[in-house]
Amino acid sequence: MQLKIGHLYPDLLDLYSDRGNVIILQKRAQWRGMDVVVDQISVGHEPKLADYDILVMGGGMDREQGIVAADLQKRRENIQSAVDAGTVIVAICGGYQLLGHYFETSTGQRIPGLGILDIHTIGAKTRMVGNVVAEMDIAGVAHNIIGYENHSGKTILGPNAKPMMRVLKGYGNSGEDKFEGVRQGNIFGTYLHGPLLAKNPVLADHMIELALRRRDLSAGLDSLNDDLEQRTNAKLYKRLVANS
Ligand code: GLN
């Protein structure tokens, strides 16, 4: 069984080792006996994105976002066909913002997004920085998700956007409504670096499951030994939420 992962703009969007998310997806699929192909896709590469089971896009500074935004506009239809084909899309921070309608930097420059997610983002003068603990429903069960955020942008959700998580500690989308990220079908946008999937294997497996299901392939993933991740996750929860 083959899983095809596309890593979008690895050279431009890779804050806090966001590429770790690609490695985790690759390893966890390989450990289940899958054959995994990872392609790096950046400015000038134009593969058909609907061929990918999972697309991953990391975070970046405002300058890099400007370059990526211009390139994304040229891929608008290509990305929309991936969305229509059920490709799982994981976008972190700067990448997340660019899936929305626009990102207006704190100096007033408006960077257009793809408008695939019904969100827009406005840069604030003070940055939202620190560890985050949030709660997310995955297949009907609430899980604690741990991550790290560092952004100036405050993301405002439109009526068609559904938050991905509830913030227990940290800022999340705007620091105001206690929501973090957006989930829309198989698209996940979030401010959580981490790398997110290294810290939260349950979320990585959920994405692999969704990617297989789009091809009618999944019959459930074999479980892996995630004791270390679970212990670390519980420790952070205790320190950041229970004891605060
Ligand atoms: N430039 C964006 C912001 O500060 C994204 C930062 C990031 O990806 N960490 O809001």
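Residues numbered from 1 in each chain as written. Predicted model: local features only at pLDDT ≥ 70, side-chain atom pairs only at ≥ 80, totals over all residues. Heavy atoms only, no water.

Where an unreviewed UniProt entry is consulted, the protein appears under the name Lipid II isoglutaminyl synthase (glutamine-hydrolyzing) subunit GatD, with the organism given as Tumebacillus flagellatus. Note on the protein: under the UniProt heading Subunit (unreviewed entry), the record states "Forms a heterodimer with MurT." Looking at the Sequence similarities (unreviewed entry) heading of the UniProt record, one finds this comment for the protein: "Belongs to the CobB/CobQ family. GatD subfamily." (UniProt positions renumbered as here; feature names shortened; annotations may be inferred.)

This part covers the site of the ligand. Lining the immediate environment of the ligand, one finds 14 residues, of which D62, Q65, C93, G94 and G153 sit closest. In the environment of the ligand, a nitrogen atom lies 3.1 Å from a nitrogen or oxygen atom belonging to the side chain of H193. In the complex, the protein chains occlude 99% of the 300 Å² of accessible area that the ligand would expose alone. Under a 2 Å grid-point criterion requiring more than half of the atoms, the pocket assigned to the ligand is the second largest pocket. Those elements that provide at least two residues to the shell around the ligand are helix 2 (62–74), helix 4 (94–99) and strand 8 (141–157). Of all the elements, strand 8 adds the most residues to the shell around the ligand, at four residues. Split into classes, the residues belonging to the shell around the ligand amount to two nonpolar, ten polar and two charged. (Near = heavy atom within 4 Å. Polar contact = N/O pair within 3.5 Å; in protein donor to acceptor, adjacent residues only side chain to side chain. Areas by Shrake-Rupley, 256 points an atom, 1.4 Å probe, with all protein chains shown as cover. 1 Å grid on protein atoms, 1.4 Å probe; cavity = no way out; pocket = protein on both sides within 12 Å on 5 of 7 lines; lining within 4 Å. Sits in = over half its atoms within 2 Å of the grid points. Helix = DSSP H or I, 4+ residues; strand = E, 2+ residues; numbered from the N terminus. Nonpolar A, V, L, I, M, F, W, Y, C, P; charged D, E, K, R; others polar.)

Scanning all chains against the criterion turns up two aromatic pairs. Arranged with centres 5.2 Å apart and planes meeting at 80 degrees, the rings of Y96 and Y191 form a pair that is edge-to-face. Taken together, the positions of Y96 in helix 4 and Y191 in the loop between strand 11 (187–190) and helix 5 (196–199) put the pair 95 residues apart, joining distant regions of the chain. Judged by relative accessible area, Y96 falls into the buried class, the value being 0%. (Phe/Tyr/Trp six-rings, centres within 6.5 Å; stacked < 30°, edge-to-face > 60°. Buried < 20%, exposed > 50% of the residue type's maximum accessible area, 1.4 Å probe, protein only.)

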